[in-house]
Amino acid sequence: MKRTDPEQVGELVKRLMQENDLAGLADRQLVCSLWPEIVGPGINRYTSRRWVDSDKLHVVLTSAALKNELTFHRDKLADALNRAAGKTVIKDVIIH
């Protein structure tokens, strides 16, 4: 094993995350965790599952009326989630 110059731990972690695409995974998990904060406790109460598949956040709701209402606000929800994340992570919200 070849010795190299010492590296700061923060730089080493950042480099490893970029090499293994862990930064993208962390961003997707962040968007999922921001959902309750963006929609509030009233809507989050009817959320049973959420996940990110490529650039789409999928949300499973248990209320048909709420599902219908949120379908009309998908763009606003995606914008709010991306703003809260600090960068563009998702492009669409799919309501199931």
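Note that the structure is predicted; figures quoted are calculated from it, not measured.

Undergrad: Honestly, the packing of helix H2 (residues 22-44) against helix H4 (residues 74-85) in this entry has me stumped. Any pointers?
TA: How two helices sit against one another is set out by the angle between their axes and by the gap between those axes. Where H2 meets H4, the axes come as close as 9 Å, and the angle between the chain directions of the two elements is 115 degrees. In terms of orientation, H2 and H4 fall into the roughly perpendicular class. Between H2 and H4 lies a crossing of right-handed hand. Every residue of H4 that contacts H2 at Leu30, Val31, Leu34, Trp35, Ile38 and Val39 is listed here: Leu77, Ala80, Leu81, Ala84 and Ala85. Among the residues forming the contact of H2 with H4, the class breakdown is 11 nonpolar, no polar and no charged.

Undergrad: I keep staring at the pattern of salt bridges and nothing clicks. Help me out?
TA: Pairs may arise between side chains of opposite charge once their charged atoms sit close together. Scanning the entire structure with this criterion turns up four salt bridges. With a shortest N-O distance of 3.8 Å, Lys56 and Asp55 are connected by a salt bridge. On the basis of relative accessible area, Lys56 is assigned to the partly exposed category, the value being 32%. Classification of Asp55 as partly exposed rests on a relative accessible area of 23%. Asp92 serves as the salt-bridge partner of Arg74, at 3.2 Å between the closest nitrogen and oxygen. Remark: Asp92 occurs in strand S3 (residues 92-95) and Arg74 occurs in helix H4; sequence separation between them is 18 residues. Note on Arg74: relative accessible area 29%, which makes it partly exposed.

Conventions we followed
Residues numbered from 1 in each chain as written. Predicted model: local features only at pLDDT ≥ 70, side-chain atom pairs only at ≥ 80, totals over all residues. Heavy atoms only, no water. Axes fitted to C-alpha atoms, helices over the stretch in contact; angles between N-to-C directions. Helix = DSSP H or I, 4+ residues; strand = E, 2+ residues; numbered from the N terminus. Parallel < 35°, antiparallel > 145°, perpendicular 65-115°, else oblique. Left-handed = near helix turned anticlockwise from the far one by under 90°. Contact = heavy atoms within 4.5 Å. Nonpolar A, V, L, I, M, F, W, Y, C, P; charged D, E, K, R; others polar. Salt bridge = Lys/Arg side-chain N within 4 Å of Asp/Glu carboxyl O. Buried < 20%, exposed > 50% of the residue type's maximum accessible area, 1.4 Å probe, protein only.

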